[in-house]
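A structural walkthrough
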Amino acid sequence: MRFRGNKRFASAVGLVLGLLCAVEAAKVNKHKPWIETTYHGIVTENDDKVLLDPPLIALDKDAPLRYAESFEVTLTEEGEICGFRIHGQNVPFEAVVLDKSTGEGVIRAKDKLDCELQKEHTFNIQAYDCGEGPDGANMKKSHKATVHIQVNDINEYSPVFKEKSYKATVIEGKKYDSILKVEAVDADCSFQFSQICNYEIVTPDVPFTIDKDGFIKNTEKLSYGKERMYKLTVTAYDCGKNRASEDVLVKISVKPTCKPSWQGFSKRIEYEPGTGSLALFPSMHLETCDEPITSIRASIELETNHIGKGCDRDTYSEKSLHKLCGASSGTVELLPAPSSSANWTVGLPTDNGHDSDQVFEFNGTQAIKVPDGMVSTSLKEPFTISVWMRHGPGAHEKETILCNSDKTDMNRHHYSLYVHNCRLILLLRQDPSEAENYKPAEFHWKLDQVCDKEWHHYVLNVEFPTVSLFVDGTTFEPFLVTEDYPLHPSKIESQLTIGACWQGGNARMAQFFRGNLAGLMIRSGKLENKKVIDCLYTCKEGLDVQLPEEVASAVKVEFNPNQSSLTVEGDDIDAFDKVMQHISYLNSRQFPTPGIRHLRISTTVKCFNEESCVTVPDAEGYVMVLQPEEPKISLSGIDHFARSAAEFESQEGVTLFPELRIVSTITREVEADAESEAAEGADDDPTVQETVVSEEIMHNLDTCEVTVVGDELDGEHESLEVDMSQLQQRGLEMSSSNLGLVITGVNTMANYEQFLHLIRYKNWHTEALFDRKFKLVCSELNGRYISNDFKVEVNVIHTASPVEHANNAMVQPNFINPVHHASVDLSGHNLVNAHQASVVPSAATIVIVVCVSFLVFMIILGVFRIRAAHQRTMRDQENGKENEMDWDDSALTITVNPMETYEDQHSSEEEEEEEEESEDGEEEDDITSAESESSEDEEGGEPEDQQGASRQQQLEWDDSTLTY
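Residues numbered from 1 in each chain as written. Predicted model: local features only at pLDDT ≥ 70, side-chain atom pairs only at ≥ 80, totals over all residues. Heavy atoms only, no water.

1. Let's talk about the overall build of the chain
Within the chain, the regular secondary structure consists of 14 helices and 57 strands. In the chain, of all internal contacts separated by at least 6 residues, the share reaching a separation of at least 24 is 71%. Surface summary for the chain: the accessible area is close to 54,700 Å², and the carbon and sulfur share equals 49%. (Helix = DSSP H or I, 4+ residues; strand = E, 2+ residues; numbered from the N terminus. Contact = heavy atoms within 4.5 Å. Areas by Shrake-Rupley, 256 points an atom, 1.4 Å probe, with all protein chains shown as cover.)

Printed below as a string of structure tokens:
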């Protein structure tokens, strides 16, 4: 029995030991959890639970015991899973273990999902078991599985229209397949809820219908007389039957029966000078009435023939224009504006306008002779003739523009430019030579421009034996050149005429011209530079266009040379309209010629069906160039001064305009501001107040003329002189005569002002000269704007023979004659007797001296009276102290001797004057010695009885208390 008991004990111990060994073996975590490689899930926007396929389950082969955190023995049927881990950035999901023993888990959203932000999510998931010891070193992880989750949409958004409102225009009497399309969108992410399944017109009883795509069309022909505009309310539904959050308004306008034409064209277009380019047709479009157009061609013409010489140009003299364009040397102007220095055009009729170019009219009976010596061009050297001409079809006779012929005895023509049968002909006879062979003599050009009644610019470059012609900048070769013998030797002088040819043998004019001429010039040397010729011809106004980049290749634009017309060609109507909207008018003149410029648009279209192709009528309007603000040129400075005779006789002379200022201003009316308008409204003033504002502007001048007022200049003893180097440096020219100076050339006001400062007047015989007066006038644009007459008077100060004095203070002033009773005649500019009195001061000088003397006298008299009153007060006080009693003198009668009072006062006054001279020396220093002594001379020259009477009148009597 004992043995059996030991045996049982031994087997129990062995069983326990076996179990312990099994448990120790089970503590070893040999296997990793296992999960699927890919999962697919679905989740709805308003739910957090994800439905996975397949379900999320992790398996572990380390069953049945759990490797727990403690070493207690716990018997289990299978291994356990402790958790799942999600890998990825910003994953809005989490994985949760539902049963550790079975490894079952779920995936759910952390926050509310938005399908519109993200429809799908992809991330990795990994399972780990509970095989973690105290140090966590025995935990096992499964492989990483990929999870794809799709977010299902819910119909949370309603349709929204893309536009706030829709507009369309239809023509009456037509049924349209589609008038316009409305479109709505839905923000839902799914195809079902984001699609618009239906549109509906909410407004009842309207002749329109809408399909599921949003196209609206009319169900019957519309009438403009019945209804001019329909207003429809349209809504939309998505495929989830949600209605649009807001309905949309659709306006359909009905137009009368379509007529092909240009629409949106303003007939009057106002152009404000100085504003640059102005769009002519900013809102214009071509209405083709839905006809299929294959091509369009439009011509835009700006009519400027009535403005100056065919268009607006600078109205400077032709000589100035040549200089501005770079052709300044050797230019002689044969048709200048009439003036004192160029008076041979005085008898010709002109347009009498200053706003635009001045042109001369020749009616077939008038001609002028150019003064001898004006043209010194030798025909052996190259020269240029340029002229503006307007000529229509005339008779079959020769019409001479320019002619140089024998002055007497014979009728030979040396050279001439004339028109014959719409041909321009230059005659050029050579001077006598040893070899009398035939040489080119007549050059013929057959031109339409000669007889089209339009202005054209002609330039002939003569370099014998060749002649080249430019008409409006285009070169033309002569179609015929005839030859002739050179002229026979002769000593007869020649006569240059314009408008006809002088017949020296008959002493009369012949071959008169009928038409208009302007800017006739002869210039030594050829004018080959095309830029210079174009500059002389180019207009300052015209059409312009800035092509948009998107249509530059679809439309072709061409200009004529002076940009008065352009053509536009294309086949895309939209691109064509955009080009037309960018056509503009530009006038680059600072002071353009005001008035109307007519506009005409001629349009030709081509269609697929030529029989039914539309016809577009011409569109007409006009550009009204407004009157520019006229500048007021003001000349100011010292207009009266005196200089010594020595300065007039010196080498430099006397500067006439030392402080001259040239200022130009414009005056504008500006409406009152808002505050002043409010104040006017408070006062119930219905009138609109405007403020006149003067603004200073800068522009050029082209002429300044200095003329003598009174007798003409005597060249034997006086002259006006200028610095010729300064004149040339500023590019100016000058002509002089016994009437004065004329300075010409286009230049800035500042340059003219600086040069006028340098003009000097010299006179080397001033003994009989009292004064000299001059007048200055400046102008701009060939006399269009003229300044004020600035008159300057210069007085001559004559000096007496110098006398040496020991004390300089005793020397008499150098312009005062000490003779008091000289008999002087001031009726004219010259003195009667120059030896009797050297000079008499001007009236202004005398008035100034008298006024200053009177002022000094009044100051001294005032000081004297103040002191006398003070002394009288002191005496009264002393008498009061002595008597110490009051007197009643109301009944007293006082008799005063005026002469005694005057003598006493006069003696006191002389004493006071001596004191004042010592005390107030500084005050008397302000008075020049010349003024003081001249005052003394005037007083000294008066008789004694007059002095006494004047002084007696200056006495003041107070007789208010006297009883007679």
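The rest of the description comes next.
2. Observations regarding the state of the cysteines
Here the structure, examined in full by the defined rule, presents 9 disulfides. The disulfide partner of Cys82 is Cys130, and the S-S distance across this bridge is 1.7 Å. Judged by the sign of its S-S torsion, about 120 degrees, the cystine formed by Cys82 and Cys130 is right-handed. Of the two residues, Cys82 sits in strand β4 (residues 81–87) while Cys130 sits in the loop between β7 (120–129) and β8 (145–152), which places them 48 residues apart along the sequence. Per residue, the accessibility class of Cys82 equals that of Cys130, and both read buried. (Disulfide = S-S within 2.5 Å. Buried < 20%, exposed > 50% of the residue type's maximum accessible area, 1.4 Å probe, protein only.)

3. Thoughts on the sheet that holds strand β54 (residues 760–763)
Either a parallel or an antiparallel arrangement is found when strands of a sheet pair, and the pairing is made through backbone hydrogen bonds. The sheet built from 3 strands is open, its strands ordered β47-β54-β51 with antiparallel pairing. Whereas interior strands pair on both sides, the edge strands pair on one side only; in this sheet they are β47 (654–655) and β51 (718–721). Examined bridge by bridge, β51 and β54 share 4 bridges and lie antiparallel to one another. Residue pairing in the sheet places Glu718 in a bridge with Asn763 of β54. (Pairing = 2+ DSSP bridges.)

4. Let's talk about the side chain of Asp702
Mapped onto the secondary structure, Asp702 falls in strand β50 (residues 700–709). Among buried Asp, Glu, Lys and Arg side chains, Asp702 stands out as unpaired, with Arg589 the closest opposite charge at 9.2 Å. There is a polar contact of 3.2 Å between the side chain of Asp702 and the backbone nitrogen of Leu781. Beyond its immediate chain neighbours, meaning those up to four positions away, Asp702 contacts Tyr316, Ile743, Thr744, Gly745, Val746, Tyr752, Ser779, Glu780, Leu781 and Asn782. (Lys, Arg positive; Asp, Glu negative; His and termini not counted. Salt bridge = Lys/Arg side-chain N within 4 Å of Asp/Glu carboxyl O. Polar contact = N/O pair within 3.5 Å; in protein donor to acceptor, adjacent residues only side chain to side chain.)

5. Here's the deal with the sheet that holds strand β16 (residues 229–238)
The strand order β10-β17-β16-β13 describes an open sheet built from 4 strands, whose pairing is mixed. The outermost strands of the open sheet, each flanked by one partner alone, are β10 (165–171) and β13 (196–201). The average angle at which neighbouring strand axes cross in this sheet is 25 degrees, direction not considered. As judged from the 6 bridges shared by β16 and strand β17 (residues 248–255), these two strands associate in the antiparallel manner. Among the inter-strand pairings, Tyr230 is bridged to a residue of β17, identified as Ile252. (Axes fitted to C-alpha atoms, helices over the stretch in contact; angles between N-to-C directions.)

6. Side note on the pairing of strand β53 (residues 740–748)
Regular strands have side chains that alternate between both faces of the sheet. With 7 of 9 residues buried, β53 lies mostly within the body of the structure. Across 7 bridges, the pairing between β50 and β53 is antiparallel. When the bridges of β53 are listed, Leu701 appears paired with Asn747.

7. Looking at the environment of Leu660
With respect to the helices and strands, the residue Leu660 is situated in the loop between β47 and β48 (661–671). Leu660 sits in the buried class, given a relative accessible area of 2%. Distance from Leu660 to Gly637, taken between C-alpha atoms, is 4.5 Å for residues 23 residues apart in sequence. Setting aside residues up to four positions removed in sequence, Leu660 forms contacts with Leu635, Ser636, Glu753, Leu756, His757, Leu776 and Phe790.

8. With respect to a nonpolar patch on the surface
Together, Trp34, Ile57 and Leu59 make up a nonpolar patch on the protein surface, roughly 290 Å² of accessible area in all. With respect to the element layout, Ile57 can be found in strand β3 (residues 56–57). Under the relative-accessibility criterion, Ile57 is labelled partly exposed at 36%. (Patch = residues over 30% accessible without salt bridge, like charges linked within 9 Å, V, L, I, M, F, W, Y side chains within 5 Å.)

9. Some points on a negative patch on the surface
Together, Glu272, Glu629, Glu630 and Glu669 give the surface a local cluster of negative charge. In this fold, Glu630 is placed in the loop between β44 (619–625) and β45 (632–636). What makes Glu630 partly exposed here is its relative accessible area of 48%. (Charge placed at Lys NZ, Arg CZ, Asp CG, Glu CD.)

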